[in-house]
Amino acid sequence: MDNKFPNKISLNAKSVAIIGGGLAGVAAAWMLHCSGYKVVLIEKRPFLGGRAYSFTDSATGVEVDNGQHVFMRCFSEYISLVKQVGSFDKTKLQSSMNVEVRDSGGNIGVLSSSPLPSYLSFLPSFLFYRYLSINEKIKAILVLLKIKFIKNIQSEDLQNISFKDWLKNNNQSEKSIRNFWDLIILPTLNDHSSNVTTSMALMVFKTTLLGDRHASDIGFAQYGLSTVMGTPMKDKLVDCGVSLVLGKQVLDLKHSKGVITELKLSDGQKIKADFYISAIPPFALMSLLPDSLKKTELGLAGTHDFSPIINAHIWYDKTVADFEWTAFINSPLQYVFNRSVISNLDQEGTYLTISISGASEFWSKTKEQLKELLVDELNKCLPLTASAKIKRFIIIKEQRATFRNLPGASINNRLKSATPLDNFYLAGDWTDTGWPSTMEGAVISGNLAAKAIIARDGSGN
Ligand SMILES: Cc1cc2nc3c(=O)[nH]c(=O)nc-3n(C[C@H](O)[C@H](O)[C@H](O)COP(=O)(O)OP(=O)(O)OC[C@H]3O[C@@H](n4cnc5c(N)ncnc54)[C@H](O)[C@@H]3O)c2cc1C
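Source: prediction; values computed, not measured. (Residues numbered from 1 in each chain as written. Predicted model: local features only at pLDDT ≥ 70, side-chain atom pairs only at ≥ 80, totals over all residues. Heavy atoms only, no water.)

**Observations concerning empty space enclosed by the protein**
Rule in force here: For cavity detection a 1 Å grid was placed over the protein atoms alone, and a set of points counts as a cavity when a 1.4 Å probe fits there but cannot get out; an open set counts as a pocket when protein lies on both sides within 12 Å along at least five of seven lines, with lining residues being those that have an atom within 4 Å of a point. Grid points are joined across faces, edges and corners, and a volume is the space filled by probe spheres set on the points. When residues are grouped by polarity, Ala, Val, Leu, Ile, Met, Phe, Trp, Tyr, Cys and Pro land in nonpolar, Asp, Glu, Lys and Arg in charged, and all others, Gly among them, in polar.
Overall, the coordinates contain three cavities of 30 Å³ or more when judged by the stated rule. The computed volume of the largest cavity comes to approximately 50 Å³. Along the walls of the largest cavity sit Met97, Ser113, Ser118, Ser121, Phe122, Leu209, Gly211, Asp212, Arg213 and Ser216, which together make up its complete lining. Here the residues of the lining of the largest cavity sort into three nonpolar, five polar and two charged.

**Some thoughts on the layout of surface pockets**
Applicable threshold: Here the limits of each domain have been adopted from an automatic or database domain assignment.
When its volume is computed, the second largest pocket comes out at roughly 540 Å³. Counted by class, the lining of the second largest pocket contains six nonpolar, 13 polar and four charged residues. When residues are assigned to domains, the lining of the second largest pocket turns out to be shared by domain 1 (15-52 + 224-304 + 410-456) and domain 2 (120-213), each giving three or more.

**Here's the deal with the sheet that holds strand β6 (residues 91-93)**
As a reminder of what qualifies: At least two bridges found by DSSP between two strands are what make those strands a pair. Strands are runs of DSSP state E lasting at least 2 residues, helices are runs of H or I lasting at least 4, and numbering of each runs from the N terminus. Note on geometry: axes are C-alpha line fits, over the in-contact stretch for helices, and angles between N-to-C directions span 0 to 180 degrees.
Ordered by their spatial adjacency, three strands build an open sheet running β5-β9-β6, and the pairing between neighbours is antiparallel. Because the sheet does not close on itself, it has two edges, and the strands there are β5 (70-72) and β6. Strand-to-strand, the axes of this sheet are offset by a mean angle of 25°, without reference to chain direction. Where β6 lies against strand β9 (residues 218-221), three bridges are found, and the strand directions are antiparallel. Each bridged residue has a counterpart across the sheet, and for Lys92 the counterpart in β9 is Phe220.

**What about the packing of helix α1 (residues 23-34) against helix α14 (residues 439-456)?**
Where we set the bar: Left-handed describes a crossing whose near helix is turned anticlockwise from the far helix by less than a right angle; the clockwise case is right-handed. Contacts: residue pairs with any heavy atoms within 4.5 Å of one another.
Where α1 contacts α14, the two axes come as close as 7 Å, and the packing angle between them is 40°. Along this stretch, α1 crosses α14, giving a crossing that reads as right-handed. Where α1 abuts α14, its residues Leu23, Ala24, Ala27, Ala28, Met31 and Leu32 lie against Met439, Ala442, Val443, Ser445, Gly446, Asn447, Ala450, Lys451, Ile453 and Ile454. Tallied by class, the residues present in the contact of α1 with α14 amount to twelve nonpolar, three polar and one charged.

**What to know about the site of the ligand**
Cut-off, in case you're wondering: If a single non-hydrogen atom of a residue is within 4 Å of a molecule or strand, that residue counts as near it. In protein, a polar contact means a hydrogen-donor-capable atom and an acceptor-capable atom, both N or O and within 3.5 Å, with residues adjacent in sequence counting only if both atoms are side-chain atoms; elsewhere, any N or O pair within 3.5 Å suffices. With residues, only the protein chains shown are counted as cover, and all accessible areas are computed by Shrake-Rupley using a 1.4 Å probe.
Not every one of the 32 residues close to the ligand is listed here, only the nearest: Glu43, Arg51, His69, Val70 and Asp429. The separation between an oxygen atom of the ligand and a polar main-chain atom of Arg51 is 2.7 Å. With respect to the ligand, the side chain of His69 contributes an N or O atom lying 2.8 Å from an oxygen atom. In isolation the ligand offers 1,000 Å² of accessible surface; the protein chains occlude 95% of this area. Mapped onto the shell around the ligand, the elements with two or more residues apiece are α1, β2 (38-43), β19 (390-403) and α14. Split into classes, the residues belonging to the shell around the ligand amount to 15 nonpolar, eleven polar and six charged.

**Things to note about the pattern of salt bridges**
Keep this limit in mind: What counts as a salt bridge is simple: a side-chain nitrogen of Lys or Arg found within 4 Å of a carboxyl oxygen of Asp or Glu. Whether a residue is buried, partly exposed or exposed follows from its accessible area with a 1.4 Å probe, protein chains only, as a fraction of its type maximum: under 20%, in between, or over 50%, in that order.
Inspection of every chain in the model, using the stated rule, returns 17 salt bridges. Where Glu324 meets Lys92, a salt bridge forms, and the shortest distance between an N and an O atom there is 2.6 Å. Residue Glu324 is found in the loop between β15 (306-316) and β16 (325-328), and its partner Lys92 is found in strand β6; the two are separated by 232 residues along the sequence. Judged by its relative accessible area of 26%, Glu324 is partly exposed. For Lys168, the salt bridge goes to Glu174, with nearest N and O atoms at 3.4 Å. Given a relative accessible area of 40%, Glu174 falls into the partly exposed group. Among the charged side chains, a network of salt bridges with common partners joins Lys164, Lys168 and Glu174.

**Re the confidence of the model for the chain**
For the record, the criterion: Confidence scores per residue from the predictor, reported as pLDDT, run from 0 to 100.
Summary statistics for the chain give a mean pLDDT of 95 and a share of 97% for residues scoring 70 or more. In the predicted structure, residues 1-5 sits below a pLDDT of 50 and forms 15 contacts with residues beyond four places in sequence or in another chain.

**Section: unusual backbone geometry**
Even without being a glycine, Asn171 presents a positive backbone phi close to 65°. Counting through the fold element by element, Asn171 comes out in the loop between α6 (163-169) and α7 (174-189). Under the relative-accessibility criterion, Asn171 is labelled exposed at 53%. Phi angles above zero are rare outside glycine, and Lys257 is one such case at about 50°. Summarising the element assignment, Lys257 is placed in the loop between β11 (250-256) and β12 (259-265). For Lys257, a relative accessible area of 84% gives the class exposed.

Right, dumping it as structure tokens:
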């Protein structure tokens, strides 16, 4: 459906009202618009982008993300959407995967892909990876090969066991789990391997490191997330005639005889459409659902658990690092992004963003406590910071950053796009996409909901 959007929408076009202007809602809006539907997208905040947004920090004048967002080349539907709204040139995507992993001793280990085919591609770098012994590397390679050839990753056994226990059962040491497996699991699933199902962890490895040679090339927005996503998405949708209702919340879903009949907004406005999509997080859906619908399978939306992310933003008065971004092992720093280099900032000094995934253990710490902890750690790991002055420090805590993939959850609460109501569909990263809570999952979910409406409606308009 690339760029085949109609210039003129037929007078008989059916209408779709989409609740939620995150990536899922935007993807659904775009695909339905391209298929000839009249689309209205309602977002409670005054901007699009949902959990991936930025704002201008008044003290520095710099655009600050609510949280560093990373994608990979295997995020094909996300990349396609960003290309279609015309802002892919505002992202940076590696031509081949290369991850530098530092420790507090100043050492650097590298994981990178080579010209070898497919899943063998990263092995040469792995053999030189300094944070595992030869014995641990051989054992890890054997497990990677095992993962490559496991066919049914959704088996009950794999759903019920934590990835950490599964790794231990497969001869992986604590050190190997910490210095290799969790290096990938923590940022992708926003939880430690002890808290994720083996099924989802295997999906991550099969799709990234063991996927196509370029699957795990890493990318991120070069500028603020709203400059790269929310704003161009808004402009594109408005330009081609999608109705945007921003800054208004949907407060009520009216339903009768098995269909949604109307949405009520916070300003009293009522919106009627032929089809409706909920592209909001599961807890937000729960607060909209009338009690009678909570008793249907839709009520499973209320059973999701969430994992937090904390981002620290620090401005130093001097240049303290020259890398674009790096991972740290055995450190709360986890992943550090040098926004001065990435965004080519025209300012003296260095602006670093520290992204802490699976941040429950840090959640109760105050801003001052986090500052002390992270600044001390930076002084150890990046010694140039010790002699630099901190000009500004911001902490952003996102409590419900991503839904969790806990092991042994006895219910499948990732709902399909179709619902018990005939004209009501679900989207959102938490729905049944097969992907973890990511931008790719969100875009896939929006596309799936749009396709379900198009299929239900015949060939579309
Ligand atoms: C700090 C942080 C870091 C992250 N890092 C990454 C990363 O590195 N890589 C990655 O791929 N993913 C990352 N994610 C996850 C990613 O942001 C999400 O998976 C994705 O953005 C979810 O999109 P969505 O459209 O499903 O939901 P959301 O983005 O939550 O969008 C839902 C929208 O619905 C709106 N809404 C809610 N209720 C109503 C209502 N009643 N009426 C109208 N509007 C309503 C909300 O305001 C919101 O805009 C991160 C998330 C966070 C918070």
